[in-house]
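Chain and residue survey
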Amino acid sequence: MTNTVKSAENESENDVSSSTSESRSQSSSKQRRSKKAKRGRKAIQNPYKFVTYLTESPNTQIFAIGFNHFIRDRDIFASACGNKISIYECVDADDERPVQFLRAYIEPDKDEVFNCVVWSYERLNGSSTVGPILAAGGVKGIVRVVQCNRDSMGGFKNLLGHTGAINDMKFHPIHPHLLISASKDYSLRLWNIQNSTCIAIFSGIRGHRDEVLSVDMSADGRTMISGGIDHNIMVWSLETDELKEKIEACSTVDAFGRGKRPFAAIRVHFPEFSTRDVHGNYVDTVKYFGSTFLSKSCENNIIWWKRKETPKGMQVSKLFTFDIIDSEIWFMRMELDLQLTQLAVGSQNGKVFIFNLDTEKPINRRITVTHPKCTSPVRQMSFSRDGHILVSACDDGTVWRFDKK
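I will try to describe carefully the structure that is included in this document. (Residues numbered from 1 in each chain as written. Predicted model: local features only at pLDDT ≥ 70, side-chain atom pairs only at ≥ 80, totals over all residues. Heavy atoms only, no water.)

1. Some words on the packing of aromatic side chains
This structure, assessed with the given rule, holds 17 aromatic pairs. Where Phe50 meets Phe402, the ring centres are 6.0 Å apart and the plane angle is 65°; that geometry is what we call edge-to-face. With Phe50 in strand β2 (residues 48-55) and Phe402 in strand β30 (residues 398-404), the pair connects residues that are 352 residues apart, well separated along the chain. Summarising the burial analysis for this pair, Phe50 and Phe402 share the class buried. Between Phe70 and Tyr121, the aromatic rings sit 5.1 Å apart at their centres with planes inclined by 65°, giving edge-to-face as the arrangement. One end of the pair, Phe70, is in the loop between β3 (62-67) and β4 (75-81); the other, Tyr121, is in strand β7 (residues 114-123), and 51 residues separate them in sequence. In this structure Phe70 comes out as partly exposed when scored by relative accessible area, which is 44%. We note Lys246 situated over the ring of Phe263; from NZ or CZ to the ring centre the distance is 4.6 Å. (Phe/Tyr/Trp six-rings, centres within 6.5 Å; stacked < 30°, edge-to-face > 60°. Helix = DSSP H or I, 4+ residues; strand = E, 2+ residues; numbered from the N terminus. Buried < 20%, exposed > 50% of the residue type's maximum accessible area, 1.4 Å probe, protein only. Lys NZ or Arg CZ within 6 Å of the ring centre and 35° of its normal.)

Structure (structure tokens):
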């Protein structure tokens, strides 16, 4: 399949969206700007400019996109379109092809539709040299771990166990061989990708009662948070004695899943914390924000909250609400940059809203980043390692690149 790339040189400068807030109507924009000037307030400036877009496969949804943050000197990202994973590199914005195709992995099962892709790395032959690893999951419920350091990408390992689609995954921030997956089968699973072993299954008596849509891990790797269709948000501990012993025991299993003793995954029934008080609808994205949390539902807002100890036990304390528009359909991911200074979320009509988090107090002002030709729902975005490049994936099979000015 040939990827079509459109250069920024072929687009007029007028195609780039205005940087005014969505809350201002066009009819009264001049009057409002005048009032703001009198009060000494500055209008919001759009820090991003359109660079280019490419078409993966016309009219085919792209549910996942993500930069590889482990590579310091190159801006490489992967996108998942149907049963195909494509890897691209962002080069100089003035280049004739500012987004260059590198390679692709095509799953033999044509009915597979990948919902998520995440990056990690492996040591090559026990040396200090590392090679990129890409894990993908989709409607077939199989985690595909792909080795990317070869001349051509190929299937590395298949992790079997889920009985429903895989909606989200995250690698452990400290141990790159540990992977957590969230599934339609109401469960989360912790894997060791080195020996294809499932270490733990998080589900059961007090677990999710419907599809798990999103998962994230804390920066220290001690806890993880999950959200789902059941409106529940749960925080799970990865530091219990039983689980730590199981993770250690899994390291003795060989590459074929064989050990001195039969290895069986443990079942974790009880989260450390659970609540339905944050959202009243599907929770399709959860993120750690330091020691607090950000979560998004189909209610046109993003909630910043924390856990608070009260006489009645641990409860939710809402800190701030970021308002968005045209984001009522579910499975539209929000994203944070690596520095935790920018919060981005897509809309149903091709726009990306960005909130600046690098402020003393949160500000409910969104910057709109879009292009007149981008009109399809934006499912996911990703920031480059330094936060200067933003790529977004849409339902019409297009990928868009915006750079900071």
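2. A few points about a negative patch on the surface
On the surface, Asp92, Asp94, Asp95 and Glu96 cluster together into a negatively charged patch. Of note, Glu96 is situated in the loop between β5 (84-90) and β6 (99-106). (Patch = residues over 30% accessible without salt bridge, like charges linked within 9 Å, V, L, I, M, F, W, Y side chains within 5 Å. Areas by Shrake-Rupley, 256 points an atom, 1.4 Å probe, with all protein chains shown as cover. Salt bridge = Lys/Arg side-chain N within 4 Å of Asp/Glu carboxyl O. Lys, Arg positive; Asp, Glu negative; His and termini not counted. Charge placed at Lys NZ, Arg CZ, Asp CG, Glu CD.)

3. Focus on the side chain of Ser214
With respect to the secondary-structure elements, Ser214 resides in strand β15 (residues 212-217). Polar side-chain contacts of Ser214 include one of 3.0 Å to the backbone nitrogen of Val286. Ignoring any residue separated from it by four or fewer positions in sequence, one finds Ser214 in contact with Asp168, Ile225, Ser226, Gly227, Asp284, Thr285, Val286 and Arg333. (Polar contact = N/O pair within 3.5 Å; in protein donor to acceptor, adjacent residues only side chain to side chain. Contact = heavy atoms within 4.5 Å.)

4. Brief notes about the environment of Gly290
Mapping Gly290 onto the fold places it in the loop between β20 (283-289) and β21 (292-297). When its relative accessible area of 55% is taken as the criterion, Gly290 is described as exposed. Separated by 72 residues in sequence, Gly290 and Ser218 place their C-alpha atoms 7.9 Å apart.

5. Some words on the pattern of salt bridges
Note that side chains of opposite charge can pair when their charged atoms are close. On inspection of all chains with the given rule, the structure shows ten salt bridges. Ionic pairing is found between Lys296 and Asp284, a salt bridge with its closest N-O pair at 3.0 Å. Here Lys296, found in strand β21, pairs with Asp284, found in strand β20; they are twelve residues apart in sequence, far enough to count as distant. With a relative accessible area of 0%, Lys296 lands in the buried category. By relative accessible area, which is 0% here, Asp284 ends up buried.

6. Side note on the nonpolar core
One finds Ile180, Leu188, Leu190, Phe202, Met224 and Leu243 to be the most contacted residues of the largest nonpolar core, which totals 19 residues. Every element with two or more residues in this core is listed here: β12 (178-183), β13 (188-192), β14 (197-202), β15, β17 (233-237), α2 (241-250) and β18 (266-268). For Ile180, the contacting residues outside a window of four places in its chain are Asp168, Met169, Lys170, Leu188, Arg189, Leu190, Phe202, Val215, Met217 and Met224. The next biggest cluster of nonpolar side chains, apart from the first, holds 16 residues, and it includes Val352, Phe383, Leu390 and Phe402. (Core = buried A, V, L, I, M, F, W, Y, C linked by side-chain atoms within 4.5 Å.)

7. Comments concerning the side chain of Ser203
Tracing the chain through its elements places Ser203 in the loop between β14 and β15. A distance of 2.5 Å separates polar atoms of two side chains, one belonging to Ser203 and the other to Arg267.

8. Notes on unusual backbone geometry
Although it is not a glycine, Asn300 sits at a positive phi angle of roughly 60°. Classification of Asn300 as buried rests on a relative accessible area of 18%.

9. Things to note about the sheet that holds β20
By definition, the strands of a sheet pair up through backbone hydrogen bonds, in either a parallel or an antiparallel sense. Spatially, β20-β21-β22-β23 is the arrangement adopted by the four strands of the open sheet, whose pairing is antiparallel. Looking at strand neighbours, the two that pair on one side only are β20 and β23 (313-323), the edges of this open sheet. If you compare each strand with its neighbour and ignore which way they point, the axes differ by 30° on average. Note: β21 against strand β22 (residues 301-310), four bridges, orientation antiparallel. The residue of β22 that forms the bridge with Ser295 is Ile303. (Pairing = 2+ DSSP bridges. Axes fitted to C-alpha atoms, helices over the stretch in contact; angles between N-to-C directions.)

Keep in mind these values describe shape, not function.
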